[in-house]
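# A look at the structure
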Amino acid sequence: MIENNSSVVLQSEKVGILHYINMIRKFYKSILALSVAVSISIGYVAAQDSTSIASAAPAGGGDVAKGEGLFKNNCAQCHAVTAEVVVGPGLAGIEERRDYAWLKNWINNPMGVIGSGDKYANELYLKYNKTQMTAFAAFGDEEVKSILAYVKSASTPVATAPVAGAVATTPAETGGGTFINVILVALLVIMGLVLVALLGILQLLNRLSGADAGAADTSLSFGEKLQASFKNIAANKTVRSAIVWAFILLATKATFDGMYGIGVHQGYAPKQPIAFSHKLHAGEMKINCAYCHTGVYKGKQSGIPSANICMNCHNAIKRESPEIQKIYTAIETNKPIEWVRVHNLPDLAYFNHAQHTNVGGLECKNCHGEIEKMEVVQQRSSLTMGWCIDCHRKSEVNGKDNGYYAKLMEAHSAVSKGAMKVQDNGGLECAKCHY
Amino acid sequence: MKVSLKNISLALSIVTFSTVVLTSCSDNNSTGWEFAPNMYNSRAYEPLTQWRKNIINADGKDMRSPVAGTISRANYQTSFLQDDSTVVNDLMVYNLPKDSIAVAEVTLKNPIPWSDKAEEEGKVLYERNCLHCHGEKGAGDGAVGKVYKGVPNYASDAYKNMNDGHIFHVITYGKGRMWSHASQVNPEERWKIVHYVHRLQLGN
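Residues numbered from 1 in each chain as written. Chains lettered and ligands numbered in written order. Predicted model: local features only at pLDDT ≥ 70, side-chain atom pairs only at ≥ 80, totals over all residues. Heavy atoms only, no water.

### Some points on a nonpolar patch on the surface
Residue and element names in this part refer to chain A.
- Together, F179, I180, I183, L184 and L187 make up a nonpolar patch on the protein surface, roughly 440 Å² of accessible area in all.
- In this fold, I183 is placed in helix 9 (residues 166-213).
- By relative accessible area, which is 38% here, I183 ends up partly exposed. (Patch = residues over 30% accessible without salt bridge, like charges linked within 9 Å, V, L, I, M, F, W, Y side chains within 5 Å. Areas by Shrake-Rupley, 256 points an atom, 1.4 Å probe, with all protein chains shown as cover. Salt bridge = Lys/Arg side-chain N within 4 Å of Asp/Glu carboxyl O. Helix = DSSP H or I, 4+ residues; strand = E, 2+ residues; numbered from the N terminus. Buried < 20%, exposed > 50% of the residue type's maximum accessible area, 1.4 Å probe, protein only.)

### Quick word on the interface of chain B and chain A
- At the junction of the two partners, chain B supplies 52 residues and chain A supplies 61 residues.
- Of the roughly 4800 Å² buried at the junction of chain B and chain A (both faces included), carbon and sulfur atoms supply 62%.
- Per-residue buried area on chain B facing chain A is highest for Y40(B), R128(B) and Q184(B); these three make up 14% of the total on that side.
- The interface formed by chain B and chain A includes one salt bridge.
- Here chain B is connected to chain A by 22 residue pairs in polar contact (both at pLDDT 80 or more).
- Of all the secondary-structure elements, those providing two or more residues to the side of chain B that touches chain A are helix 1 (2-24), helix 3 (116-129) and helix 5 (143-148) of chain B.
- With eight residues, helix 1 of chain B is the single largest residue contributor to the side of chain B that touches chain A.
- Classifying every residue of the side of chain B that touches chain A by side-chain character gives 22 nonpolar, 20 polar and 10 charged. (Contact = heavy atoms within 4.5 Å. Buried area = accessible area lost by both parts, 1.4 Å probe. Polar contact = N/O pair within 3.5 Å; in protein donor to acceptor, adjacent residues only side chain to side chain. Nonpolar A, V, L, I, M, F, W, Y, C, P; charged D, E, K, R; others polar.)

### A short note on the packing of aromatic side chains
- If you walk through the whole model with that rule in mind, you get nine aromatic pairs over all chains.
- Ring geometry for Y404(A) and Y405(A): centres 5.4 Å apart, planes at 85°, overall edge-to-face.
- Of the residues examined, Y405(A) reaches a relative accessible area of 7% and is grouped as buried.
- On the numbers, 4.2 Å between centres and 20° between planes, the contact of F168(B) with W191(B) is stacked. Taken as a pair, F168(B) in helix 6 (residues 164-173) and W191(B) in helix 7 (residues 187-201) lie far apart in primary sequence, 23 residues in all.
- These aromatic residues form a ring-pair network of at least three members: W102(A), W106(A) and Y120(A).
- Between the NZ or CZ atom of R98(A) and the centre of the ring of Y120(A), over which it lies, the distance is 4.0 Å.
- We note R177(B) situated over the ring of Y148(B); from NZ or CZ to the ring centre the distance is 4.9 Å. (Phe/Tyr/Trp six-rings, centres within 6.5 Å; stacked < 30°, edge-to-face > 60°. Lys NZ or Arg CZ within 6 Å of the ring centre and 35° of its normal.)

### Concerning the domain arrangement of chain A
- With domains assigned, chain A is organised as domain 1 (64-155), domain 2 (220-262) and domain 3 (278-433).
- Once you take the C-alpha centre of each, domain 2 of chain A and domain 3 of chain A turn out to be 45 Å apart. (Domains from an automatic or database assignment.)

### Topic: the confidence of the model for chain B
- Per-residue pLDDT for chain B averages 86, and the proportion of residues at 70 or more is 86%.
- Overall fold confidence for the complex sits at a pTM of 0.70, while the interface term, ipTM, reaches 0.85. (pLDDT = per-residue confidence, 0-100.)

### A look at the pattern of salt bridges
Residue and element names in this part refer to chain A.
- For the structure shown, the criterion picks out 16 salt bridges over all chains.
- For E323, the salt bridge goes to K326, with nearest N and O atoms at 3.1 Å. Taken together, the residues E323 and K326, both in helix 15 (residues 322-332) and three residues apart, mark about one turn of the helix.
- Judged by relative accessible area, which is 26%, E323 ranks as partly exposed.
- Note that K394 and D390 form a salt bridge whose closest N and O atoms lie 3.2 Å from each other.

### Things to note about the environment of W106(A)
Residues and elements named next belong to chain A.
- Here W106 is to be found in helix 5 (residues 100-108).
- Owing to a relative accessible area of 11%, W106 belongs among the buried residues under this scheme.
- In this structure the C-alpha to C-alpha distance between W106 and L226, which are 120 residues apart in sequence, comes to 85 Å.
- Once residues within four sequence positions are removed from consideration, W106 is found in contact with V113, I114, A121, L124 and M133.

### Observations concerning helix 3 of chain B
- The terminal C-alpha atoms of helix 3 of chain B lie 20 Å apart, and with 14 residues this matches the ideal 20 Å at 1.5 Å per residue to within 8%.
- Within the span of helix 3 of chain B, buried status applies to A118(B), E119(B), G122(B), L125(B), Y126(B), R128(B) and N129(B). (Expected span 1.5 Å × (residues − 1).)

### Quick notes on the side chain of N186(B)
- Relative to the assigned elements, N186(B) resides in the loop between helix 6 and helix 7.
- When its relative accessible area of 16% is taken as the criterion, N186(B) is described as buried.
- When sequence neighbours within four positions are dropped, the list of residues in contact with N186(B) reads K298(A) and Y76(B).

Printed below as a string of structure tokens:
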């Protein structure tokens, strides 16, 4: 396009523009190369640092390796090798706090130590809300010693890091951040270049149109030019009638759409009393739908979870969040949370979840869409009769290993070659859903 | 050139106008027009739906709590044919208190005989109710478990020998940081999960 038009304008101008474009290209390439080089070098530095940390762990022999396996299998769920509290206390420096004999006793039978009236054990028990530690009765001296050796070796470099490893660790920790920064800066630069290129094209177009229209127009400002061209358009009869027709057609379509949409709640996404995110719970945390909607494979209704199900996790997770506090308030005041129902069939139609999920083997998303990506739940399907019937015409009955359907399948295959669809099983009978 | 520019601007204005017309009426917080609204918000009481205050019940809820002391009838299977063709009736009035896990370990035995099918059903139930904390292989590494913390590895030394009664009791009442899941899985389902947890204890 540019090439064609520029042949009209003076050759020198064309050369000038091409030169300009070439310069932009070169500049862009050099910036890109620079950013790639910088990002690679930062990645290299980060990688080097992480390897140096790994090798910096002090060598403790086979004991430490064995202890690491034991620790990760048995202890890591509740204890960290640092001073961080996970469920139980952090184990950094544990051997300075307690002697070996006590630790061995404790690991073998914590409740026994508490029962024997040991003061330290009882204080610990109370401090951690009477959470019982699992007894590891099978651990002998060898196991306990290797675990302690591992804890010591794993917690040491972290403790001394501020002194010895300060220079080495700092870039490693911020390496990811720098990398993102570099990418961001590079993106900004690229965006700037695109902007410059666009402005260049705009200028070029201006020049071209200026050459077309002649010198007279150049005295007019941009706003005046725009006004003049709008006047031109408005004065055109064809344009006017086209606009009128377009309006009539659109109004007709909008009317019909509106009439078809009566009673169809598709797209309904009401604000809920608690900003519960399915995207977080079902998507990122991968909690199965049936964990909270307990009735979905058993009953007509999938069910809305009662607050005790929320509490299975939120007794510990994010307790201080104002949204979670709403659940606590509901429990304390014994008032139900008034969720707004999203999917609501009119009473004239019967629908049963279990028949579709358990018997028919449909997945939740077949009808509800990608709930695991929704921050606020929205009704994705129309839930109209046509939508139901369409599926009943297409879907095959899954009668495999289902004795209830055995004779029916037999009878069907006697008269028909095709697979048994839901419609062959009365899926289109009025009274199946309307009664 | 000029004519085509005009056409483009005309087309653009039509598109903008039509999008505005078509989207301006939709509000995510409204269900839109309904034909016969009584069909959507029923005057009859419906489970899990209430759209106006109940004037008969004092607390304004349609739902009423059962009378104190009500015992729920088992709506699940309680009678299981054993491998030696005797029938075990697990008419369990499970009245062991929460702190009696040691009693549960000694007295309870899975009434559902092991079979591929029972374990497979247990697996499905495990995936629905346990996996997000306990992890696919029971290693305590589920997505929620990592945040919740303190989820054990079934195959670790302290857990790999936990028996039927122990696992059943833990699902019923919870243990340590885990809370009761009795409201979500009934005893029949718990026993099936027990079969699958035994599989995970093998750690492979």
